[in-house]
Amino acid sequence: MSQHAVGPRAVSRSVAFLLTAGVLAVPALAGCGSEDPAGKPLAGQDIQPAARDRITDGGTLRWAVDSVPDTLNTFQSDADPTTTRVAQAVLPSMFRMNADGRPERNPAYLESAKVVETEPKQVVLYKLDQQAVWSDGREIGAADFAAQWRALSGKDTAYWTARNAGYDRIQKIERGDNALEVRVTFSRPYADWRSLFSPLYPKDVMGTPDSFNDGARKKLKVTAGPFLVKKLSRKDEEITLTRNPRWWGRPAKLSEIVLRTVPRDKRAKELAAGAIDLAEIAPSEARRITVAARPRGSSSPVMGAEADQKPRGGKAAAKRARQQQALRGFEVRKSLEPAFTQLALNGAEGPLADERVRRAVARALDRKELAKAVLKPLGLPAVPVGSHLALSGQAAYADNSGALGGQDTKEAQALLADAGWVRGGPIKEEKKKGEKAAGAEGEKAGKSSEDESRNDDGEYIVGSDGKDRQDDKDRQDGKAHHDKDPNHLAQDGKQYKQPHQGGAPGAYAPMGTAAPAGREAAPLAKNGKPLTLRFVLPSGPGSQTLRTVADRIARMLERVGIGTEISKVSDESYFKDHIASGQYDLALYSWPASAFPATDARPVYAKPVPAADGSLNVEQNYTRVGTDQVDQLFDQAVATLDEGESRSLIRKADSRIWAAAGSIPLFQRPQLVAARKNLVNTGAFGLGTPVYEDMGFLKKGAKPASGPSGASSPSGA
């Protein structure tokens with residue numbers, strides 16, 4: 001699934017344990033009526049829209065990013081979100097995401113693109129804009145499409161590619177009736193053809209393994225977007241983009257965009273110092289900016305949060321006062337990311353290998369309460385996510401959670417009883433707080449996480465836009481590593497990052513202690529062994545929200561007799577040593593949502609299959625729960641060119657994923673962005689792709705478009 005374009009694609013695999021979902025009645029899908037179940041995004045874009053004639057011609061936008069990437073090639077396994085951001089500004093994309101998270105033709109590059117033949121083979125005809133040229137003056141054409149297909153098809157292992165899904169279904173690419181037409185013939189029907197060639201690299205990059213593997217790591221000599229890559233400096237930790245003089249579309253308003261590496265715990269300081277203009281921030285920083293922007297003397301609550309903590313006096317107070325004054329020039333723009341946080345249940349072994357226990361865990365959860373705890377204080381709609389495969393507003397979305405059912409304590413207890421778990425004996429006491437810190441490093445990181453000034457939301461998110469997070473050569477070894485930022489997950493030996501936001505510190509329920517008044521369920525046991533689940537969490541700074549959510553989940557499970565043993569581990573080992581390797585019972589992390597779930601989501605929910613060495617390959621299905629039926633529905637959906645039928649198949653697959661109870665979607669991740677007040681057409685993009693040529697600073701005296709940043713006001717805010 002993905003943040004702006006395409007998302008996780010299957011390549012690497014890990015050892016797992018084979019499970020199937022039991023028989024469970026699935027209710028009729030929401031899509032059967034006349035009303036579109038996809039609905040609208042829960043929160044619109046918040047980008048302070050303004051007409052181009054109100055925007056100054058020129059200026060430099062200084063934009064905080066998490067890192068200078070190791071490559072500018074989004075199809076390589078060590079690409080990251082900054083790689084994607086650069087690609088969006090400097091390279092062609094045949095399709096981009098609109099505000100509803102749905103693919104739309106990019107008119108700067110395409111006059112049209114459609115399926116022109118289905119028999120005997122599917123043929124897509126692209127008609128390119130007649131002015132579309134690379135920055136060296138050469139026309140964009142079939143040679144570039146063909147070079148990208150050959151590099152990403154998976155046939156030549158000399159290319160170190162991170163994904164090939166979709167490209168491996170192409171049979172040939174040829175010029176059409178003229179140089180502006182490109183005919184793509186598929187060997188097998190491919191419903192998600194719009195996911196391809198976004199971005200499109202020049203044949204100079206894709207043409208040979210050497211140029212693909214190394215040529216685009218530090219520079220892009222040839223581009224075709226509103227901006228060019230002027231300079232990449234790892235020493236200064238900056239990437240400078242400048243206007244492309246050969247750009248044929250609407251001229252870029254900004255002269256330059258400087259993507260500058262700024263650690264998340266230092267962004268408020270850098271904003272106040274005037275060093276950056278735009279940055280994703282934590283809730284604690286958002287509160288500071290909101291407080292600074294309030295009229296003096298106002299006592300109204302800010303974002304539902306507790307009072308802003310201020311030093312009582314001395315130099316620290318004076319410094320903070322100066323920063324608060326400087327922050328008056330900024331505002332917080334907020335939306336919801338195209339990603340959701342889930343509770344993962346490892347079905348490979350232990351109590352959760354029994355589907356009844358997994359379903360009991362799910363039925364014990366009050367997902368509305370969890371969403372409310374995270375999103376309501378931020379003024380964002382606190383609505384639980386109802387699909388594993390899409391988000392509200394996206395074409396494939398429907399709330400299929402009814403296939404499993406909502407919170408029901410009695411039903412959860414009945415399921416546990418049916419599975420043989422009965423009241424009988426106390427749960428063994430663990431450490432005083434019910435936590436198992438993973439060594440001194442974990443303890444140290446856990447303490448530092450309590451410093452709210454270093455707060456990020458810590459909601460680990462797997463993968464990033466437009467990239468498979470695994471390399472073909474890692475297919476069998478199931479490796480997973482972290483990138484430079486501990487607040488981002490990477491997997492299968494490669495680094496990928498996603499934006500994060502802050503959260504509130506969390507606490508943990510003591511293990512083996514009596515439940516507070518009103519909790520009726522005694523601890524359950526089976527054959528003398530207590531029903532205790534290992535709940536693994538990261539310990540580093542930025543994990544407060546995760547731990548708050550985990551604490552609430554633990555209390556909900558306690559009510560039905562399920563104990564939790566919370567283990568805090570270092571950020572570096574959280575994913576690699578626990579999630580990817582299956583060393584957990586319960587865990588919290590996030591997946592990006594995709595406009596192309598038939599392609600992107602299949603490896604996340606595919607049934608584990610035996611490998612040559614006798615182990616089980618899990619692809620990206622880290623819960624180890626899958627069924628043949630779900631796999632078949634994905635296969636049918638990706639090969640069905642009727643869009644309505646394909647969406648119906650995706651929704652059926654989602655219902656069965658809910659029924660298997662391997663993962664429980666909780667809520668969309670919040671997106672908080674600090675922006676200089678006169679900066680327009682940028683901020684919290686929600687489900688949409690940024691339009692870089694329209695970003696800029698308002699002319700003096702000019703006003704942005706009417707309304708709250710042009711976005712629909714978040715419901716429930």
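What you see as residue numbers is a count from 1 along each chain, following the sequence as written. In keeping with the predicted nature of the model, local features appear solely for residues at pLDDT of at least 70, side-chain atom pairs appear and are counted solely at 80 or more, and the whole-chain, interface and lining totals rest on all residues. Each side-chain value is worked out from all heavy atoms of the structure, with water and hydrogens disregarded.

### Some points on the overall build of the protein chain
Condition: Secondary structure elements are taken from DSSP: a helix is a run of H or I of four residues or more, a strand is a run of E of two residues or more, and numbering for both begins at the N terminus. Type-normalised accessible area, obtained with a 1.4 Å probe on protein chains alone, sets the label of each residue: buried when under 20%, exposed when over 50%, and partly exposed for intermediate values. For this analysis, residues touch if any pair of their heavy atoms sits within 4.5 Å. Only the protein chains shown count as covering a residue, and every accessible area follows the Shrake-Rupley method with a 1.4 Å probe.
Along its length, the protein chain carries 17 helices and 24 strands. Across the 717 residues that make up the protein chain, the buried fraction comes to 61%. Here the analysis covers contacts within the protein chain between residues at least 6 apart in sequence; of these, 77% occur between residues at least 24 apart. Carbon and sulfur atoms provide 48% of the accessible area of the protein chain, an area that totals close to 26800 Å².

### Brief notes about unusual backbone geometry
That bond from E119 to P120 is cis: its omega, 0°, falls within 30 degrees of zero. For P120, the position within the fold is in the loop between β4 (110–117) and β5 (123–128). The backbone phi angle of Q48 is positive, close to 50°, even though this residue is not glycine. Its place among the elements puts Q48 in the segment before β1 (60–65). Phi is positive for A661, close to 55°, though the residue is something other than glycine.

### Examining the pairing of strand β19 (residues 586–592)
Operational definition: Paired strands are those between which DSSP finds at least two bridges.
Among the 7 residues of β19, 7 are classified as buried, and the element is accordingly described as predominantly covered. Side chains L586, L588, S590 and P592 project from β19 onto one buried face, and the interleaved A587, Y589 and W591 project onto a second face that is buried too. Of the strand pairs in this sheet, strand β12 (residues 330–345) and β19 are connected by 7 bridges, and their pairing is antiparallel. Within the sheet, the bridge partner assigned to L343 lies in β19 and is L588. Summarising the sheet, strand β17 (residues 532–538) and β19 pair through 2 bridges and their orientation is parallel.

### Some remarks on the packing of aromatic side chains
Definition in use: Ring geometry is summarised as follows: Phe, Tyr and Trp rings, the Trp one being its six-membered ring, pair when their centres sit within 6.5 Å, and such pairs are stacked at plane angles under 30 degrees, edge-to-face over 60 and tilted between the two.
Tallied over the full model, the rule gives 18 aromatic pairs. Between F75 and Y167 the ring centres are 6.3 Å apart and the planes differ by 90°, which places this aromatic pair in the edge-to-face class. Placement of the pair is F75 in the loop between β1 and α1 (81–90) and Y167 in the loop between α2 (142–152) and β6 (170–175), with a sequence separation of 92 residues. Here F75 and Y167 have matching classes, each one buried. Judged by centre distance (5.7 Å) and plane angle (85°), the rings of F95 and W193 are edge-to-face. You can see F95 sitting in strand β2 (residues 95–97) and its partner W193 sitting in the loop between β7 (181–186) and α3 (203–206), a full 98 residues away along the chain. Taken as a pair, F95 and W193 share a single burial class, namely buried. One aromatic cluster is present, formed by F75, F95, Y126, F145, Y167, W193, F197 and Y201 through successive ring pairs.

### Overview of a positive patch on the surface
Quick note on the threshold: Think of a patch as exposed residues, more than 30% relative accessible area, with no salt bridge, where like charges cluster within 9 Å and nonpolar side chains (Val, Leu, Ile, Met, Phe, Trp, Tyr) cluster within 5 Å. Each reported salt bridge corresponds to a side-chain nitrogen of Lys or Arg within 4 Å of a carboxyl oxygen of Asp or Glu. Only four residue types enter the tally: Lys and Arg on the positive side, Asp and Glu on the negative side; His and the chain ends are excluded. Where a charge lies is defined by one atom per residue type, namely NZ (Lys), CZ (Arg), CG (Asp) and CD (Glu).
Residues K266, K269, K319 and R322 make up a contiguous surface patch of positive charge. Structurally, the position occupied by K269 is in helix α5 (residues 267–272).

### Quick look at the packing of helix α6 (residues 283–293) against helix α7 (residues 314–326)
Filter applied, for reference: In this description, a line fitted to the C-alpha atoms serves as the axis of each element, helices being fitted only across the stretch in contact, and the angle between N-to-C directions of two axes falls anywhere from 0 to 180 degrees. Each angle gets one of four labels, with under 35 degrees taken as roughly parallel, over 145 as roughly antiparallel, 65 to 115 as roughly perpendicular, and the rest as oblique. Polar here means any residue other than Ala, Val, Leu, Ile, Met, Phe, Trp, Tyr, Cys and Pro, which are nonpolar, and Asp, Glu, Lys and Arg, which are charged; Gly is therefore polar.
At their nearest, the axes of α6 and α7 sit 8 Å apart, and the two run at 75° to each other. Classified by the angle their axes make, α6 and α7 are roughly perpendicular. Only R320, Q323 and Q324 of α7 make contact with α6, whose side of the interface consists of R288, V291 and A292. Of the residues contributing to the contact of α6 with α7, the split by class is 2 nonpolar, 2 polar and 2 charged.

### Focus: the pattern of salt bridges
For the coordinates displayed, the defined rule picks out 32 salt bridges. Across the pair D585 and R534 runs a salt bridge, and its minimum N-O distance is 3.3 Å. Residue D585 is located in the loop between α13 (571–579) and β19, and its partner R534 is located in strand β17; the two are separated by 51 residues in the primary sequence. D628 is the partner of K607 in a salt bridge, and the nearest nitrogen-oxygen pair spans 3.0 Å. Placement of K607 in the loop between α15 (602–605) and β20 (609–610) and of D628 in helix α16 (residues 628–638) is noted, with a sequence separation of 21 residues between them. For D628, a relative accessible area of 42% corresponds to the partly exposed category. Among the ionic contacts, a cluster of salt bridges with common partners joins E117, K172, E174 and R183.

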